Amino acid sequence: MKKRIIRLSLVLALILCLSVSVFAESQLWHITDDAGILTESQDLDLETYAETISQDYGVGVYVVTVNNYEDYYDSAYETAWQIYHAYELGEGADRDGVILLLSMDNRQFATFFYGPRAEYAFDKHGQEKLEDYFLDQFRADDWSNGIYGFLSGCDEFLSLAASGTPVRRSPWGTLAIIALASCFFSLIFCMLLRGKMKSVRMARQANAYISGELNITASRDQYTHTTETRTKIEHESSSGGGSHAESGGGGSGRSGSF
């Protein structure tokens, strides 16, 4: 009887441990290193930093490493998108957040930005510039500093957005290109006109008129009036329409290799 009680207790303990393990695996931290590229201390430090950023700006910041995105979905970007929504990541009612996915076997990465705050801080240009903070480190297999660079970039971009000055592409470069192009085409146009012009010399005598050599070919039509007839076109009435966005959709991001 006593042995049966002991065995039953061991079975219950094992079931409890398995339940805790499954529950733990169903959770996603700010730094989820499934590929095992970070040491324990690196993981803890980066997790603390990511959590601080998320709380300070109300935009969740996440990094997930996997061995191969092909074990999940067809592309690195789709995997990042699916993970973000499957685990309902993000901060606040709009689930604002940023996620970086690293696929180690094929050296692919993807970023996904979701929610009004995140997309305000990271427009198309900002998403591209953020890669300058981590890609070089990843290409050198410096995983810890690469992830830290991603977090520090998010920290900087979110701080600028919070102050009302988000990272945006400077308009001066575009204006300079337009100005140079305008000057170039104006110069070409003037050169073409100059090439078609003939030199003109004032005649002191009317010899051309007297000899009959003057050949006048110009003619002119004089406009008098226009007769216009209008016919009313009847339009059939139509009902208005609308658009529908799927729940959980939206967001934007980028992907590439390192």
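Right above here is the structure, for reference.
The rules behind each value
Residues numbered from 1 in each chain as written. Predicted model: local features only at pLDDT ≥ 70, side-chain atom pairs only at ≥ 80, totals over all residues. Heavy atoms only, no water. Core = buried A, V, L, I, M, F, W, Y, C linked by side-chain atoms within 4.5 Å. Buried < 20%, exposed > 50% of the residue type's maximum accessible area, 1.4 Å probe, protein only. Helix = DSSP H or I, 4+ residues; strand = E, 2+ residues; numbered from the N terminus. Contact = heavy atoms within 4.5 Å.

### Considering the nonpolar core
Step number 1: Judged by nonpolar contacts, the single largest core of 32 residues is most densely connected at F122, F150 and L151.
Step number 2: For this core, the secondary-structure elements that each account for two or more residues are helix 2 (40-57), strand 2 (60-66), strand 3 (97-103), strand 4 (108-114), helix 4 (116-121), helix 6 (135-139) and helix 7 (143-162).
Step number 3: Setting aside residues up to four positions removed in sequence, F150 forms contacts with V61, Y62, V63, V98, I99, L100, L130, Y133 and F134.
Step number 4: With 14 residues, the next largest nonpolar core counts V64, V66, A76 and Y114 among its residues.

### Points about the side chain of T111
Step number 1: Mapped onto the elements of the fold, T111 is located in strand 4.
Step number 2: Once residues within four sequence positions are removed from consideration, T111 is found in contact with Y77, I99, L100, F134, S252, G253 and R254.

### Observations regarding helix 3 (residues 76-86)
The α-helix advances 3.6 residues per turn, and as a result positions three or four apart in sequence lie on the same side.
Step number 1: What helix 3 keeps buried is the set A76, T79, A80, I83, Y84 and H85.
Step number 2: Packed against the buried residues of helix 3 are strand 2, strand 3 and strand 4.
Step number 3: Looking one or two residues beyond helix 3, the residue adopting positive phi is E88, at roughly 50°.

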